[in-house]
Amino acid sequence: MLKKIACAVLALSLVFTGCSGTSSSEGGLTDGTYTGTGRGRNGDITVEVVVAKGAVSEITVTDHTETAGIADPALEKIPAEIIEAQSLAVDNVSGATLTSNGIIEAVKACLVDAGADIDAWTKSDDTQVEKTAKSADADLVVVGAGLSGMSTALSAKENGVDNIVIIEKQAAAGGTTALAGGIFIYVDDDTYDEFYDYWQERMSVSGVENKYFNKDRFAYIAPKTAETVEWLKGKNVAFNDETTYGSFGNYIMAWATNGGRGLVQDLVKACEDAGITIITDCKGTELVTTEGKVTGVVAETADEIITYTSKAVVLASGGSGANEEMTAEKSPKVAAAGTINTGCAGNTGDGVVMAEAVGGVAYDEFFTSIAAQTIDPKVENGDKLDFASALIVNGKGERFVKEDASDITKEYDALGSAMIQNGNAPYYVVFDSSNKDRVAILEAGLESGAVVKADTIEELRNSVGIDAATLQATYDAYEEAVAAGEDKEFGKAADKLVALETAPYYAVQIFPTTFGSQGGVKTDFDGRVLDKDGNAIAGLYAVGEMSNREYYNENYVLAASLGLYSTAGRLCGVALAQDIAE
């Protein structure tokens, strides 16, 4: 069953702006109802705080755009803990740090209005809580409650492994899958050749030598993805009745009915029904070995250190996209491009570190899945800026890509990929003043410093540090292409070739965004982790982003990961069950 933290249900019956009510000011707070706003992961979070008898008695999150499932534990837990502690110095919820911070910021704004001593409210208690040590037994421990981890556990269970525990360091199961669209490649033996050809075409787009792709591994996994979808349906995971072809590329896709979050909920229910235990807020920290065999894992909760003894351990703890240091080491091009991680906050490479400590071998180079690109997040409503019709330049003032690449679904990662491969960050979008709605967003962004403004293109470079002559020449060449109605250099669609001739001009930085990583540790095709000599480390397995480098080059294909990783998990479950039985 899923271990949950009980949270108070906090409700308000009246809505006010600012303070309403009264004279009591016990504890330094003036009684009343207050409204405050803080910045979360996806936007503003608004809260209402009730102060009664000088203490915070109720907190309600009244408005937010945070991601369902991922943010829910923070939305429930942070208000309850602030009330209990009568303090803002509460711990963030793992995996929802930005949401946690946004709630705390919003409550803080309310407390300022209520006359609080903010220094006192934000002072932390540095008392170290001694954690209780305990031991537990399991046949299998899976580290990570995402798609690949739960698929492995379900497969192992049906193949005879009895006592299975999944530990998840975040407050909710799901990992990156909870943020996904819930779309699976649906490939079988009959459709594999066409899919393989398309895959190779997409993997060549970056122009980088494909050093890691393993044709035999791909041929072992990909044609079984349709079978995996049908297997998941048998676990009561809901999919649409019809598959589709060609929406994103030359392949068939199956759609989880309720998207990524619904997929996770269905998988959790399937695990519960199968008698698999999922423990959240429980982080795997190190592997236990006995005479060269992995025989368990050490895990930590808020108040316990648990040493599990098990017959096998599966590392399904996700990738390293949220670990800046590991990204800089393993994916220097990605780091140099100033990418913004939009993936799971828990993907910090924990499993890689754990595996290496017992002889596992990480790939020399990782890459990071390009989600797309984004205007500087400091620009409010920046997502409403259409840069497909604008001019994009690199740090040298050069144009390097067709700006409408992101408008083409099958090439959705092309712009972000081009930014990483170009290697001349920072990157800027140049707009003119021909659209009043766009100008309103840009003008509002000037105060944040994320947007710069000038009367001429030449003056614009002074604020962004681009060579004036190069930027002017780039602009002139672009305007010539607009006049001719043809972009001979990069192939931008004619209807997106729009003249930029209305002063003043604006420039705002644009960043590639990432959501996962392609790397991990070396395994055989069934997920057994290999040592430096290519031998399996007994008792240790890795699936999902923990071992996915040999599928990819430096590109991504939409809908690919869910199908590949769930299939890898399903096959790993079969293999480890056989290994345990031997």
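Every chain's residues receive numbers from 1 upward, in the order its sequence appears when written. Owing to the predicted nature of the model, reporting of local features is limited to residues with pLDDT of at least 70; listing and counting of side-chain atom pairs is limited to 80 or more, with chain, interface and lining totals taken over all residues. Water and hydrogen atoms were dropped before computing side-chain values, which therefore reflect all heavy atoms in the structure.

(A) Representation of the overall build of the chain within the structure. Note on conventions: DSSP H or I runs of at least 4 residues are helices, E runs of at least 2 residues are strands, and numbering of each starts at the N terminus. Secondary structure assignment for the chain yields 16 helices and 23 strands. Principal-axis analysis of the C-alpha atoms places the extent of the chain at approximately 75 × 75 × 45 Å. Looking at the chain residue by residue over its 582 residues, the buried ones come to 54%. Here the open area of atoms and residues is found with the Shrake-Rupley method and a 1.4 Å probe, where only the protein chains shown may cover a residue. Carbon and sulfur atoms make up 47% of the accessible area of the chain, which amounts to about 24300 Å² in all. We treat Lys and Arg as the positive residues and Asp and Glu as the negative residues; His and chain ends play no part in the count. Every charge is mapped onto a representative atom, which is NZ of Lys, CZ of Arg, CG of Asp or CD of Glu. Once the 44 positive and 88 negative side-chain charges of the chain are each reduced to a mean point, those two points are 3 Å apart. Each residue gets one of three labels from its accessible area relative to the maximum for its type: buried under 20%, exposed over 50%, partly exposed in between, using a 1.4 Å probe on protein chains only.

(B) Looking closely at helix H2 (residues 97-113). Taking 1.5 Å as the rise per residue, H2 with 17 residues should run 24 Å; its terminal C-alpha atoms sit 25 Å apart, in good agreement. Turning to H2, its buried residues number three or more, namely Thr99, Ser100, Gly102, Ile103, Ile104, Ala106, Val107, Cys110 and Leu111. Looking at the buried residues of H2, the elements they touch are strand E2 (32-39), strand E3 (44-52), strand E4 (55-63), helix H1 (72-85) and helix H3 (118-122). Note on H2: the residue one or two positions beyond its end, Gly115, has a positive phi of about 85 degrees. Given the number of residues in a helix, its expected span is that number minus one, multiplied by 1.5 Å. Contacts: residue pairs with any heavy atoms within 4.5 Å of one another.

(C) Representation of the side chain of Glu403 within the structure. By secondary structure assignment, the location of Glu403 is in the loop between strand E18 (391-393) and helix H12 (414-422). Taking the relative accessible area as the measure of exposure, Glu403 reaches 0% and is therefore buried. A polar side-chain atom of Glu403 sits 3.2 Å from the main-chain amide nitrogen of Ile392. Excluding residues that lie within four positions of it along the chain, Glu403 makes contacts with Phe387, Ala388, Ala390, Leu391, Ile392, Leu415, Tyr478 and Lys492. In protein, a polar contact means a hydrogen-donor-capable atom and an acceptor-capable atom, both N or O and within 3.5 Å, with residues adjacent in sequence counting only if both atoms are side-chain atoms; elsewhere, any N or O pair within 3.5 Å suffices.

(D) Focus on the pattern of salt bridges. What makes a salt bridge here is a side-chain nitrogen of Lys or Arg within 4 Å of a carboxyl oxygen of Asp or Glu, nothing more. All told, the structure shown has 23 salt bridges when counted by the stated rule. A salt bridge links Glu230 to Lys233; its shortest N-O distance comes to 3.3 Å. With a gap of 3 residues between them, Glu230 and Lys233 both fall in helix H7 (residues 225-233), about one helical turn apart. On the accessibility criterion, Lys233 (31% relative accessible area) is partly exposed.

(E) Geometry of the sheet that holds strand E5 (residues 132-137). What makes two strands pair is DSSP finding at least two bridges between them. Spatially, the 4 strands line up as an open sheet ordered E5-E14-E13-E12, and their pairing is mixed. Whereas interior strands pair on both sides, the edge strands pair on one side only; in this sheet they are E5 and strand E12 (283-290). Looking at each pair of strands side by side, their axes are set apart by 25 degrees on average, direction ignored. Bridge count between E12 and strand E13 (residues 293-300): 7 bridges; the pairing is antiparallel. Opposite Lys283, over in E13, you have Glu300 as the bridge partner. To obtain each axis, a line is fitted to C-alpha atoms, and for helices this fit is confined to the stretch in contact; angles are then taken between N-to-C directions over 0 to 180 degrees. Each of E12 and E13 is contacted by helix H11 (residues 350-357), which is oriented at about 15 degrees to E12, the strand it contacts most.

(F) The packing of aromatic side chains, seen in detail. We call Phe, Tyr and Trp rings a pair once their centres come within 6.5 Å, taking the six-membered ring for Trp, and we label the pair stacked below 30 degrees between planes, edge-to-face above 60, and tilted otherwise. Throughout the structure, instances matching the rule amount to 20 aromatic pairs. When the centroid spacing of 5.4 Å and the interplanar angle of 40 degrees are considered together, the rings of Trp199 and Tyr552 count as tilted. Here Trp199, found in helix H5 (residues 192-203), pairs with Tyr552, found in the loop between strand E23 (536-542) and helix H16 (560-581); they are 353 residues apart in sequence, far enough to count as distant. Accessibility expressed as a relative area gives 0% for Trp199, which makes it buried. Clustering of aromatic rings is evident, with ring pairs tying together Tyr192, Phe195, Tyr196, Tyr198, Trp199, Phe213, Phe218, Tyr251, Phe515, Tyr551, Tyr552 and Tyr556. Remark: a charge is flagged as sitting over a ring if the NZ atom of Lys or the CZ atom of Arg is within 6 Å of the ring centre and within 35 degrees of the ring normal. Geometry around Tyr220 places Lys224 over its ring, the cationic atom sitting 4.2 Å from the centre.

(G) Quick look at the confidence of the model for the chain. pLDDT expresses, on a scale from 0 to 100, how confident the predictor is about each individual residue. Confidence in the prediction of the chain, expressed as mean pLDDT, is 90, and 94% of residues score 70 or more. In this model, residues 1-26 is a region of pLDDT below 50 whose contacts with residues beyond four sequence positions or in other chains number 57 contacts.

(H) Molecular detail of the pairing of E5. The element E5 is barely covered by neighbouring structure, given that only 0 of its 6 residues are classed as buried. Here E5 runs beside strand E14 (residues 304-309); their pairing, made up of 6 bridges, is parallel. Opposite Thr132, over in E14, you have Glu304 as the bridge partner.

(I) Structural context of the nonpolar core. Within the largest apolar cluster, 41 residues are counted, with the highest numbers of intra-cluster contacts made by Leu140, Ile166 and Phe184. Counting only elements with at least two residues in this core, the list comes to strand E6 (140-143), helix H4 (147-158), strand E7 (164-167), H7, helix H8 (259-274), strand E15 (312-315) and H16. Counting residues per element, this core draws most heavily on H8, which supplies 6 residues. If we ignore the near neighbours within four places in the chain, the residues touching Phe184 are Leu147, Val229, Leu232, Phe239, Ile252, Met253, Ala254, Leu263, Ala559, Leu562, Gly563 and Ser566. In this text, buried Ala, Val, Leu, Ile, Met, Phe, Trp, Tyr and Cys residues form a nonpolar core when linked through side-chain atoms within 4.5 Å.

(J) Quick look at H7. Among all positions in H7, only Thr225, Ala226, Thr228, Val229, Trp231 and Leu232 are buried. In this structure, the buried residues of H7 make contact with H4, strand E8 (183-185), helix H6 (215-221), strand E10 (252-255), H8 and H16.

(K) Fine view of the sheet that holds E8. Spatial ordering of the open sheet is given by E8-E10-E9, a layout of 3 strands whose pairing is antiparallel. Of all strands in the sheet, those bounded by a partner on one side alone are E8 and strand E9 (244-245). One ladder, built from 2 bridges, connects E9 with E10; its direction is antiparallel. The residue bridging Thr244 from the neighbouring strand is Met253, located in E10.

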